[in-house]
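One-letter residues, chain by chain:
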Amino acid sequence: MRVWKAFAGGVHALVFSPDGTRLVVAGAAGVKLFDIANDSERWHADQPGKVPQISFTRDGRKVVALNSMRLLVLDAANGRELALHSRRIATFAVPPEPDSLLVLTAGMDIAELRQLKLTDGTVNWKKVLQYHGGITRMELSPDACTLGTVGTWEAMLLDVGTRKARFRQRMKADETRPAALAFSPDGKLLAAAGVAAWLAALRDYRGSWMEPIRAAWLLVRGKEAPAVSPELADARAAHHPGGG
């Protein structure tokens, strides 16, 4: 096990590079990139405010970070700032097309999906989405054909080619604002997790609420997981007496 000192104020997001040789970490004091092979910190880019989302581009040459609803593009080699786009961005996803990014602008009950050029922020296309509540996270499927979004009240799947919604699921009123969203490696499952976990099978769009640990198992294994153990059920009952 290796231990690196990241940020005193805590880590908000982290992700491996596409080739698995680097780890980029976002925290309360900016962004850091660690070289895994050399067991060292390569660079540190100071940024004010929280950085809740970070990603490499598909070629691993750039790092994209969301900072105070602004989109920051950094050179992965040295941390130098390449571009800064201020468009009240709520979340983003990295498509396979070079020098492009999918972003969702912030808004309640309505949002705008845009494809931007990373270098200068030019809008290639945009699509207005009707939404129940605000969108907090989106994720692109491994084959880049489906875009999953989740927000305060609703989860949605969109066809990237047509930019039309294929599926909508209202979220539970007492388990809103999921903080994480992920596709399984084979692209057949989509999970959202916050207070609770929600998982949908993309084949027939059947969605269900379940234990977060079981949803994570399904994503990794890609098949039905065993029932929750009695020990886990007892531990949850002790931690949440009365089912709260």
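To be clear, the structure that these remarks concern was listed above.
Conventions adopted
- Residues numbered from 1 in each chain as written.
- Predicted model: local features only at pLDDT ≥ 70, side-chain atom pairs only at ≥ 80, totals over all residues.
- Heavy atoms only, no water.
- Helix = DSSP H or I, 4+ residues; strand = E, 2+ residues; numbered from the N terminus.
- Pairing = 2+ DSSP bridges.
- Axes fitted to C-alpha atoms, helices over the stretch in contact; angles between N-to-C directions.
- Buried < 20%, exposed > 50% of the residue type's maximum accessible area, 1.4 Å probe, protein only.
- Phe/Tyr/Trp six-rings, centres within 6.5 Å; stacked < 30°, edge-to-face > 60°.
- Lys NZ or Arg CZ within 6 Å of the ring centre and 35° of its normal.

Asks: Could you give an account of the environment of Asp39, naming the residues involved and the relevant values?
Replies: Tracing the backbone through its elements, the reader meets Asp39 in the loop between strand S3 (30-35) and strand S4 (40-45). In the structure, Asp39 is positioned 17 residues away from Arg22 in sequence and 9.6 Å away in space, judged by C-alpha atoms.

Asks: Give a detailed account of the sheet that holds S4, specifying residues and quantitative values.
Replies: Ordered by their spatial adjacency, four strands build an open sheet running S1-S2-S3-S4, and the pairing between neighbours is antiparallel. In this open sheet, the two edge strands, each paired with only one partner strand, are strand S1 (11-16) and S4. Here the strands of the sheet are splayed against their neighbours by 20° on average, with no regard to which way each runs. As defined by bridge partners, S1 adjoins strand S2 (residues 22-27) across five bridges and the pair is classed as antiparallel. Bridge pairing links Ala13 to Ala26 in S2.

Asks: Account for the side chain of Ser17, naming residues and giving values.
Replies: With respect to the helices, strands and loops of the structure, Ser17 is situated in the loop between S1 and S2. Note on Ser17: relative accessible area 4%, which makes it buried.

Asks: Provide a residue-level description of the packing of aromatic side chains, including the pertinent values.
Replies: Inspection of the entire model under this criterion finds zero aromatic pairs. Above the plane of the ring of Trp125 lies Arg163, whose end atom (NZ or CZ) is 3.8 Å from the centre.

Asks: Help me get a handle on the sheet that holds strand S7 (residues 70-75), residues and values and all.
Replies: Read across the open sheet, the four strands follow the order S5-S6-S7-S8; overall the sheet is antiparallel. Whereas interior strands pair on both sides, the edge strands pair on one side only; in this sheet they are strand S5 (53-56) and strand S8 (81-86). The average angle at which neighbouring strand axes cross in this sheet is 15°, direction not considered. Inspection of the sheet shows S5 paired to strand S6 (residues 62-67) by four bridges, in the antiparallel sense. By the bridge assignment, Ile54 is partnered in S6 with Ala65.

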